[in-house]
Structures are given as C-alpha cells and as structure tokens.
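# Examining the three-dimensional arrangement
Spelled out, the chains give:
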Amino acid sequence: MDESGRRRRQQRRNHPSSSSSTSSAGPTRFQSQNFSSNPAKTTQSSNFVPRSTTTTVTTPDNTRNPGYVPRWKSETNQNKQQEGEKEAREDVGSIVGTCPFMCPEGERAQRERLRDLAVFERLNGDPRKTSSALAVKKFCRTISLKYAQASDVRPLSVLEDTLNYLLNLLDSSEHPFEVVHDFIFDRTRSIRQDLSMQNIVNDRAIHMYEKMVKFHVVSHHRLRNCGSSTISSLKFLNMEQLTKTLASLYILYEANHSSNSIHENEAEFRSLYVLLHLDSKSQQTESLSFWFCRVPSLVMKSKEMHFARQVLRFYRMGNYRSFLYTVSAQASYLQYCIIEPYVNEVRALAISYINNCCYKLHPYPLEQLSKLLMMKESDVESFCHACGLETLTDGGGNKSLPTKQTTFSIPKGSFQSYSLLALQQEERQIAI
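What this report covers is the structure whose coordinates are included nearby.

About the thresholds
- Residues numbered from 1 in each chain as written.
- Predicted model: local features only at pLDDT ≥ 70, side-chain atom pairs only at ≥ 80, totals over all residues.
- Heavy atoms only, no water.
- Helix = DSSP H or I, 4+ residues; strand = E, 2+ residues; numbered from the N terminus.
- Polar contact = N/O pair within 3.5 Å; in protein donor to acceptor, adjacent residues only side chain to side chain.
- Contact = heavy atoms within 4.5 Å.
- Axes fitted to C-alpha atoms, helices over the stretch in contact; angles between N-to-C directions.
- Parallel < 35°, antiparallel > 145°, perpendicular 65-115°, else oblique.
- Left-handed = near helix turned anticlockwise from the far one by under 90°.
- Nonpolar A, V, L, I, M, F, W, Y, C, P; charged D, E, K, R; others polar.
- Expected span 1.5 Å × (residues − 1).
- Bend = angle between axes of the 7 residues up to and from the residue.
- Buried < 20%, exposed > 50% of the residue type's maximum accessible area, 1.4 Å probe, protein only.
- Salt bridge = Lys/Arg side-chain N within 4 Å of Asp/Glu carboxyl O.

## Things to note about the side chain of T188
Among the structural elements, T188 can be located in helix α7 (residues 177–197). At 3.1 Å, the side chain of T188 forms a polar contact with the backbone oxygen of F185. T188 has contacts with L163, L166, M212 and F215, leaving out every residue within four places of it along the chain.

## Concerning the packing of helix α15 (residues 333–357) against helix α16 (residues 366–373)
Put simply, α15 and α16 touch, their axes get as near as 11 Å, and they point 140° apart. Relative to α16, α15 is oriented oblique. You can see that α15 and α16 cross each other, and the crossing is right-handed. Counting all contacts with α15, which are made through R347, A350, I351 and I354, the residues of α16 involved are L369, L372 and L373. Taken together, the residues of the contact of α15 with α16 sort by class into six nonpolar, no polar and one charged.

## Looking at α15
In this model, α15 (25 residues) spans 34 Å end to end at C-alpha, consistent with the 36 Å of a helix rising 1.5 Å per residue. Of all the bends found along α15, the most pronounced is centred on I339 and spans about 50°, while P341, a proline, follows it within four residues. The buried fraction of α15 amounts to 19 of the 25 residues, a majority that puts the element mostly inside the structure.

## Considering the pattern of salt bridges
This model, assessed by the stated rule, comprises 13 salt bridges. Across the pair E160 and R204 runs a salt bridge, and its minimum N-O distance is 2.8 Å. Note that E160 is positioned in helix α6 (residues 156–168) and R204 in helix α8 (residues 203–222), a separation of 44 residues in sequence. K399 serves as the salt-bridge partner of E381, at 2.7 Å between the closest nitrogen and oxygen.

In structure tokens form, the structure reads like this:
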C-alpha cells in the first residue's frame, strides 16, 4: 500500500495539468459565483450584490437614509391630510348663528361672575350686572369653528345692529377717546370673527366691513391727538387691524365683482391702500407696482385712484406746492385722515427749502408763507418755532421768517395738528 501510494504521488508531480483539469471539471462549493467572460450576462444571471461605501441599498426598512419615509407612513400622512382638508371644506359655511342678542347668554352670565364688564356694559355702573341691551360679545382668539355652537354665533341681522350700536358710541363724551376706541376695537373684531365663521360674503357684509374700515381710519386720525401713555401701542394695534380689515374688504369686493362694474365705494377704499404707503420706507407685502396690476381697470380709472396716485407722485418727488394744493382741493375726509401726518412733513420740507435756498436776502413774510403752506398765520409762526427757526416782527406788526438760519431741525416727536385752510372737510365728522 505504501509503494502504490508513493507511485500515485509521483504521477501527480509529473502531470500537474491533468490534476488541474480534473479538479476544475468537478463540482465546486461556490457555483453561484461562476462568472462568465461576458460582464452583461454575469450581471443578468447572478444575484450577487456588490458592497459599496457610496451606495446604500434601498429597502423598506432602510434607516440609513434620513430622508426615507416608509410607504405605510407616507400613505397614512396623506390620508390624514386629505381628511383634514375634507373637514375644513365641510366646516366652511357649515354654521348658521342663532344668537338673538349682542352677547350670548352664557358669556354674559360668566362675565358677570368674573366682573369682566367694560364701562359701557355695566348696568347702572355696577361691575357685576349687565343686560342684553348693554353687553357685547368679546373677541376670542382661541375659538374654533369645529367646536362652536350656533347659539353662541350671531346671525347677520344681529351683527348689523351690534355694529351700529358700537359706532354710535364714537360720539360719547363721557369717557376719553382711548377708552371708547379700546371697547369698539375689541367688539368689532368679534363681529368680523362671526362673519367669517358663517362665511358671509354678500353686499351687506361689504357694507359692514366698510364701516369698520372707517372706524379704524377715523381712529388713526383721532389717536394722534391723544396724550395717553399707551397711545403708541394703541396706534400700532389700530393700524394693524386697519390693514387686516382692508385686506378682508378687498377679498369681498373680488368675490362680488360682476363683469363690467365695481362696488359703489370700492374706488375710495382701494385708494386708502395707496395713501397708507406714501412713504417708501413703510412696510408693505408687495410693491405698489405689482399691487396696481391686480386692481380692476374701472378702479384705476376712477377719480379717487387718480387722486391717490397724484399725491403719491408729488410726495415722493418733493413737490410740496402741488401736494398741498391737490390734497386741499380733492381729498375726502377718509383720505385726509390717512394723509394728515404727511402734510406737516411736506410743510417742514417746504420751510427747509425756503430757509436754505431762498434767493431773497430779506426775511420771508409769514403772510405769504401761510398762503403757500395753506395755514393760518399764527399756525405758521408756531410751526416755524417747532422747526427751530426764529421769526421777526417789524414796527408795523408784520411778521417774517429770516432766511439762511442754521438752526432748522425736524422735531423728534410728531408735529402739532395743523389743518389745511382750504380743506372743506376740515374738522367735520364723518357719518359712519
């Protein structure tokens, strides 16, 4: 056996090729990795997956890719979103208010217990008692249409009566205007909330929104003359709600447009947006050029919009004479309430021009200056002093402004309110 084994080993040493061919012809343990010489066929017929440091295999439970969302989760999120959109569509206009009072009975009773009654709502001045004729529903920031009760929402006719009641309080002289404004400010927000919850977009709603815009515009004018310590915040909040109310009003206009007509007062209320943005530094969501492109052509051709665009051009050009004369001749009361802060700014610009660039070496008569600035002569003198300039009085009692003074400056605070002489709407209250 040992001799035969040595003989076989010797034969294998002498013929290595035959041993190799015999080995290759036999079965192998890695048949799945028998690659052919054709790479394409190899890839197609093999289940081999190469390992790579740059490519991650995408599998349903892959967690290596942070942006990967499993299919079942994606479908669940889509279903939830569709259900939410469906509920939102069903909620729009799905409630019709039935509350017959200015304030729901439940809220009225709760506010009596909490002594949460404004001075206008107290029965005989008692902070614990009110009545259906005095209490007005407060604005609630966290209210949800999904959980709102029809008995807590006022229908359109009640909302109209409530708004008229509130606006009649503007003429109240028993309380400072800041107190009156604060009460009407909150309760008109509640009115807009009830209108929105019921999706009321008809002409009656437009008329109500116009009245609420007028309230904020008149408040913008009157708050400037108040001396309260909180007046700055009141003015800011009033301007914020004026902007929001105007935006809602414009949406209502667009929802009720016919092919060849616009709403009766639309042109004037559209012009207010332009006048609110006379100053290029004022914050606005879009440029006026783009805003004009979205305004109906009939509005753009109206005299109200033509006036607003003229005032805008004269103000930004520094043409004080044309600005003042155009405002005094054409501005409506609402438009003037918006423009008034800019009027004194333009007057100060005119005085700086006259003081620094006047070709006359002798003093400028205040009588002529009052005609140019469209002010009373006594107001012109006060205005010059507010700008740091001195005035002279000659032997005949005639007052004048010496030019080339170096003490001119714009007051840090706002100017005192000076009216335009030729403005026919001067000091006239508007019927809201």
